[in-house]
Amino acid sequence: MKGDQAAAYAFYAEQQRKLADATIDDENSRRAHLDAAAKWTALVEQLRSAGESGNAAN
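Figured I'd write up the structure that's included with this text. Per chain, residue numbering runs from 1 following the sequence as it is written. Local features in this predicted model are restricted to residues whose pLDDT is 70 or higher, and side-chain atom pairs enter the listing and the counts only when it is 80 or higher, whereas totals over whole chains, interfaces and linings include all residues. In computing side-chain values, all of the structure's heavy atoms are included and hydrogens and water are not.

### Observations concerning the overall build of the protein chain
Note the cut-off: Think of it this way: any DSSP run of H or I at least four residues long counts as a helix, any run of E at least two long counts as a strand, and we number them from the N terminus. Under the scheme applied here, a residue whose accessible area is under 20% of the maximum for its type counts as buried, over 50% as exposed, and between as partly exposed, the area being computed with a 1.4 Å probe on protein chains only. Methods summary: accessible areas were calculated by the Shrake-Rupley approach with a probe of 1.4 Å, and residue burial reflects only the protein chains presented.
Scanning the protein chain for helices and strands turns up 2 helices and 0 strands. Per-residue burial for the protein chain yields a buried fraction of 14% across its 58 residues. As displayed, the protein chain offers around 4200 Å² of accessible surface, 53% of which is attributable to carbon and sulfur atoms.

Okay, here's the thing in structure tokens:
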């Protein structure tokens, strides 16, 4: 389950980066997309860390 969530969050982060690249004329929108991408990426890292610590406990 965590692997599926991490993959989905990584996909969302990549989509936000693509949207940021597409909105080069509007700096506020670009920044908002980059901020969203950073948040999704942080969630991916949290899930991966939780998965690694869970695997170490087993």
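Now that the structure is up, let's keep going.
### Observations regarding the pattern of salt bridges
Pairing between side chains of opposite charge can happen when their charged atoms approach one another. Basically, it comes down to this: Basic side-chain nitrogens of Lys or Arg form a salt bridge, by our definition, when they fall within 4 Å of a carboxyl oxygen of Asp or Glu.
Here the structure, examined in full by the defined rule, presents 4 salt bridges. For Asp 21, the salt bridge goes to Arg 30, with nearest N and O atoms at 3.7 Å. With relative accessibility at 24%, the residue Arg 30 sits in the partly exposed group. Across the pair Arg 48 and Glu 45 runs a salt bridge whose closest N-O atoms are separated by 4.0 Å. Here Arg 48 and its partner Glu 45 are both found in helix 2 (residues 27–57), 3 residues apart, which amounts to about one turn of the helix. With a relative accessible area of 42%, Glu 45 lands in the partly exposed category.

### As for the side chain of Gln 16
Convention followed: By definition in these notes, contact holds between two residues if any of their heavy atoms fall within 4.5 Å.
Among the structural elements, Gln 16 can be located in helix 1 (residues 2–22). With a relative accessible area of 18%, Gln 16 lands in the buried category. Beyond its immediate chain neighbours, meaning those up to four positions away, Gln 16 contacts His 33, Ala 36, Ala 37 and Trp 40.

### Re the environment of Asp 4
Structurally, Asp 4 is set in helix 1. Along the primary structure Asp 4 and Leu 47 are separated by 43 residues, whereas in three dimensions their C-alpha atoms are 9.9 Å apart.

### Let's talk about the packing of aromatic side chains
Centre distance and the angle of the planes are the two values used to describe a pair of aromatic rings. Our working rule: Centres within 6.5 Å are what make two rings of Phe, Tyr or Trp a pair, Trp counting through its six-membered ring; a difference in plane orientation under 30 degrees is then read as stacked, over 60 as edge-to-face, and the rest as tilted.
Applying the stated criterion across every chain yields a total of 3 aromatic pairs. Where Tyr 9 meets Trp 40, the ring centres are 5.0 Å apart and the plane angle is 45 degrees; that geometry is what we call tilted. Separated by 31 residues along the polypeptide, Tyr 9 in helix 1 and Trp 40 in helix 2 bring together distant segments of the chain. Ring geometry for Tyr 12 against Trp 40: centres 4.8 Å apart, planes inclined by 50 degrees, an arrangement best described as tilted. Residue Tyr 12 is found in helix 1, and its partner Trp 40 is found in helix 2; the two are separated by 28 residues along the sequence. Residue Tyr 12 is classed as partly exposed on the basis of its relative accessible area, which comes to 38%. An aromatic cluster is present here, built from Tyr 9, Phe 11, Tyr 12 and Trp 40 joined pairwise through their rings.

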